[in-house]
Amino acid sequence: MFALACSGGAVTDSPAADADAASGSASPPAPPAEMVRVEAPGVEARRGASAGGEVRLSVARGFHVNANPASEKYLIPTELKVEPAEGIEVGAVAYPESLTKQFSFADKPLAVYEGEVRIKFAFKVRPGARPGAHTLRARVRYQACDDAQCYPPKTVETTVSVRVN
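All figures in this text were calculated on a predicted structure; none of them were measured in a lab. (Residues numbered from 1 in each chain as written. Predicted model: local features only at pLDDT ≥ 70, side-chain atom pairs only at ≥ 80, totals over all residues. Heavy atoms only, no water.)

Caption draft 1: How the structure looks around the environment of Ile 88. Residue position: Ile 88 is located in strand 8 (residues 88-94). Residue Ile 88 is classed as buried on the basis of its relative accessible area of 0%. When near neighbours in sequence (up to four residues on either side) are disregarded, Ile 88 contacts Phe 123, Lys 124, Val 125, His 134, Leu 136, Val 162 and Val 164. (Helix = DSSP H or I, 4+ residues; strand = E, 2+ residues; numbered from the N terminus. Buried < 20%, exposed > 50% of the residue type's maximum accessible area, 1.4 Å probe, protein only. Contact = heavy atoms within 4.5 Å.)

Structure below.
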């Protein structure tokens, strides 16, 4: 079994978890297969206009991801990167307000996201962009944690469909 702990200023492997698994002693339940789901709704925009899109994270009950910016340097912030497409320029990303919560692995409260999280971004359609369907590629990097441990960071790719009018 592979377990991670968030204490000590870094994410580390836990040899004790491997020893527990080998000896048959009880180990904590495995995390759900989908601690975080990522999706992006499609949007419409006019040529020559600015618009906005969003990527939605659904964080499973009992889990959280670190806010952006993260509370501590050793924590991995949730991060969205959106690539421009032909005729579409991508602007700034806006992260939502975080919750501040105390966890057993941290000395002080941390800024986190839980439940439904909407990360927004701006984009502009150039006046000469061709009308019709366009696709923006997006990547979300996050590290899901529960109250006792953090799991390996994950990067999820998704797409944002943009219909240009």
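Caption draft 2: View of the packing of aromatic side chains. Following the criterion strictly, the structure yields three aromatic pairs and no others. When the ring of Phe 63 is compared with that of Tyr 151, the centres are 6.1 Å apart and the planes differ by 55°; the resulting orientation is tilted. Of this pair, Phe 63 sits in the loop between strand 5 (50-59) and strand 6 (64-66) while Tyr 151 sits in the loop between strand 13 (144-145) and strand 14 (154-164), placing them 88 residues apart in sequence. Of the residues examined, Phe 63 reaches a relative accessible area of 9% and is grouped as buried. Residue Tyr 151 is classed as buried on the basis of its relative accessible area of 8%. Ring geometry for Phe 121 and Phe 123: centres 6.1 Å apart, planes at 35°, overall tilted. For the pair formed by Phe 121 and Phe 123, the shared burial category is buried. (Phe/Tyr/Trp six-rings, centres within 6.5 Å; stacked < 30°, edge-to-face > 60°.)

Caption draft 3: Representation of the pattern of salt bridges in the model. The full count for this structure, using the stated rule, is eight salt bridges. Lys 101 is the partner of Glu 114 in a salt bridge, and the nearest nitrogen-oxygen pair spans 3.1 Å. Taken together, the positions of Glu 114 in the loop between strand 10 (110-113) and strand 11 (116-125) and Lys 101 in strand 9 (residues 99-101) put the pair 13 residues apart, joining distant regions of the chain. Classification of Lys 101 by relative accessible area gives partly exposed; the value is 32%. Each of Glu 54, Arg 56, Arg 118 and Lys 120 takes part in a single network of salt bridges with overlapping partners. (Salt bridge = Lys/Arg side-chain N within 4 Å of Asp/Glu carboxyl O.)

Caption draft 4: Examining the sheet that holds strand 4 (residues 43-45) more closely. Strand order across the open sheet formed by four strands is 4-14-12-7, with mixed pairing between neighbours. The open sheet is flanked by strand 4 and strand 7 (79-82), the only strands paired with a single partner. The sheet shows a mean angle of 30° between the axes of neighbouring strands, direction not considered. Where strand 4 and strand 14 come together, three bridges link them in parallel fashion. Within the sheet, the bridge partner assigned to Ala 45 lies in strand 14 and is Val 164. (Pairing = 2+ DSSP bridges. Axes fitted to C-alpha atoms, helices over the stretch in contact; angles between N-to-C directions.)

No statement about biological role is implied by the geometric values presented.
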